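The lines below spell out each chain.
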Amino acid sequence: MKKFFLLCLLVFISIASAPRKISWVAIGDSITYLNDHKDETGNRVTKGYMTLITEKNPQIEYINQGHNGWTSINIADKIESLDLVKADVYTIFLGTNDWWQGKTLGTISDYELNTGTGTVYGAFRIIRNKLKSLNKKGKIILITPMQRGDFVYINSAKNNAYGSYRKKNKQELEDFANAVVEIGKKENFPVVDLYHDSGITLDNMVNFKRLRDPQTGNYENYGYPAYTAVPFDPEKDEYPYPVEAINMTYDGLHPSDKGYEVIAGMLEKVLN
């Protein structure tokens, strides 16, 4: 009887001391989506930021709610059909596609007044409201968009976009990052500020962009900002980011393993 009691006690202590499972829903765009679709990176990525974090913290279990090409406005519009669930932690990593697609940023008053999906600020309020309805005590962490270089999709060069060194629809990408920071301050949500604090910049997005010299027609490796002045023809030119061009991103926009490690490191500090 005494042995049985001791055995039960040991089992109880073991269960009681085991780390509690933490559920994490990661809401985002392709940077989040690609964590579980590495084949779409040409297998240039081996581990995304969620995998990196959960491998080091096995008590955390994630659900990938990354949606390729989506904006915060897309997420807000479809918020009731995304099968979002109650979780301990929610991360919201959006904004880069809002900028590129020329969505109206709006102002903090759109967030405060819950004006709807006509602006990015309004969309973030809808997302926030949904998450709070799922778990009032759930922790919400905001992640700003990264800076971005010239993007060329590895599976179709016709899908390309210039970097954040230029405005889109008269808006800077930094304006969208600052909006995320402002919402975080308003709500007292932690903010992982990749745009300003990650060290991922236009200078190290890629080591170079391989383009034809307009004068000679020969391929040359151009760094930033030189490559911004050299044209790229997706119909005729080779893919401009060979493996040796990979630095913080593998295609000018999406993080490489190195870039994902930076994101995971910054986010892990907040999660812990």
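Residues numbered from 1 in each chain as written. Predicted model: local features only at pLDDT ≥ 70, side-chain atom pairs only at ≥ 80, totals over all residues. Heavy atoms only, no water.

Section: the overall build of the protein chain
Scanning the protein chain from terminus to terminus reveals ten helices and nine strands. Looking at the protein chain as a whole, 49% of its 272 residues qualify as buried. Of the contacts formed within the protein chain by residues at least 6 apart in sequence, a portion of 70% connects residues at least 24 apart. With an accessible surface of roughly 13,200 Å², the protein chain has 51% of that area assigned to carbon and sulfur atoms. (Helix = DSSP H or I, 4+ residues; strand = E, 2+ residues; numbered from the N terminus. Buried < 20%, exposed > 50% of the residue type's maximum accessible area, 1.4 Å probe, protein only. Contact = heavy atoms within 4.5 Å. Areas by Shrake-Rupley, 256 points an atom, 1.4 Å probe, with all protein chains shown as cover.)

Describing the confidence of the model for the protein chain
For the protein chain, per-residue confidence averages 94 on the pLDDT scale, and 93% of positions sit at 70 or higher. Within the model, pLDDT remains below 50 along residues 4-17, and this stretch shows zero contacts once partners closer than five positions in the same chain are excluded. (pLDDT = per-residue confidence, 0-100.)

Considerations on the sheet that holds strand S7 (residues 191-192)
Strand order in the open sheet formed by five strands is S2-S1-S3-S4-S7, with parallel pairing between adjacent strands. The sheet is open, and its two edges are formed by strand S2 (60-66) and S7, each paired on a single side. Relative to S7, strand S4 (residues 139-143) runs parallel, the two being bridged by two bridges. Looking at S7, one finds that Ile 143 is bridged to Val 192. The sheet contacts of helix H10 (residues 257-271) involve strand S1 (22-28), strand S3 (89-93), S4 and S7, and relative to S4 the element is tilted by about 155°. (Pairing = 2+ DSSP bridges. Axes fitted to C-alpha atoms, helices over the stretch in contact; angles between N-to-C directions.)

Let's talk about H10
In an α-helix there are 3.6 residues to a turn, and that puts residues three or four apart on one side. Counted at 1.5 Å a residue, the expected span for H10 with its 15 residues is 21 Å, and the 20 Å between its end C-alpha atoms agrees. For H10, every residue scored as buried is listed here: Gly 259, Tyr 260, Ile 263, Ala 264, Leu 267 and Glu 268. In a view along the axis of H10, the buried residues occupy a sector of 160°, so they form one face of it. (Expected span 1.5 Å × (residues − 1). Arc of directions from axis to C-beta.)

Comments concerning the pairing of strand S9 (residues 219-222)
Relative to S9, strand S8 (residues 209-212) runs antiparallel, the two sharing four bridges. Paired with Lys 209 across the bridge in S9 is Tyr 222. Hairpin connection, S8 to S9: the antiparallel pair is bridged by six residues, and Gly 217 has positive phi, about 80°.

Brief notes about the nonpolar core
Counting residues in each nonpolar core, the largest one holds 33 residues, and the members touching the most others are Ile 92, Phe 124, Ile 127, Leu 131 and Leu 142. For this core, the elements supplying multiple residues, two or more each, are S1, helix H4 (72-77), S3, helix H6 (108-112), helix H7 (120-134), S4 and helix H8 (173-187). If near-sequence neighbours (up to four positions away) are discounted, Ile 127 is found in contact with Ser 72, Ile 75, Ala 76, Ile 79, Ile 92 and Leu 94. Within the second largest apolar cluster, 26 residues are counted, among which are Trp 24, Ile 60, Ile 200 and Ala 264. (Core = buried A, V, L, I, M, F, W, Y, C linked by side-chain atoms within 4.5 Å.)

Considering the packing of H7 against H8
Helix-helix packing is described using two parameters, namely the angle between the two axes and the distance between the axes. Running from N to C, H7 and H8 point in directions that differ by 45°, and their axes come no closer than 11 Å. Relative to H8, the element H7 is oriented oblique. Two packed elements cross with a definite hand, and for H7 against H8 that hand is right-handed. For the pair H7 and H8, contact is made by Val 120, Tyr 121, Phe 124 and Arg 128 and by Phe 176, Ala 179, Val 180, Glu 182, Ile 183 and Glu 187, respectively. (Parallel < 35°, antiparallel > 145°, perpendicular 65-115°, else oblique. Left-handed = near helix turned anticlockwise from the far one by under 90°.)

Observations concerning H7
With 15 residues, H7 extends 21 Å between its outermost C-alpha atoms, agreeing within 8% with the 21 Å of an ideal straight helix rising 1.5 Å per residue. For H7, the full list of buried residues reads Val 120, Tyr 121, Gly 122, Ala 123, Phe 124, Arg 125, Ile 127, Lys 130 and Leu 131. Capping of H7 at its N-terminal end is provided by Thr 119; its side-chain oxygen lies 3.0 Å from the backbone amide nitrogen of Gly 122. (Polar contact = N/O pair within 3.5 Å; in protein donor to acceptor, adjacent residues only side chain to side chain.)

As for the packing of helix H3 (residues 49-56) against H10
Close contact between H3 and H10 brings their axes to 8 Å; oriented N to C, the two are set at 50°. With respect to each other, H3 and H10 are oriented oblique. Like other packed secondary-structure pairs, H3 and H10 cross with a definite hand, here right-handed. Where H3 approaches H10, its residues Tyr 49, Leu 52, Ile 53 and Lys 56 are matched on the opposing element by Tyr 260, Glu 261, Ile 263, Ala 264, Leu 267, Glu 268 and Leu 271.

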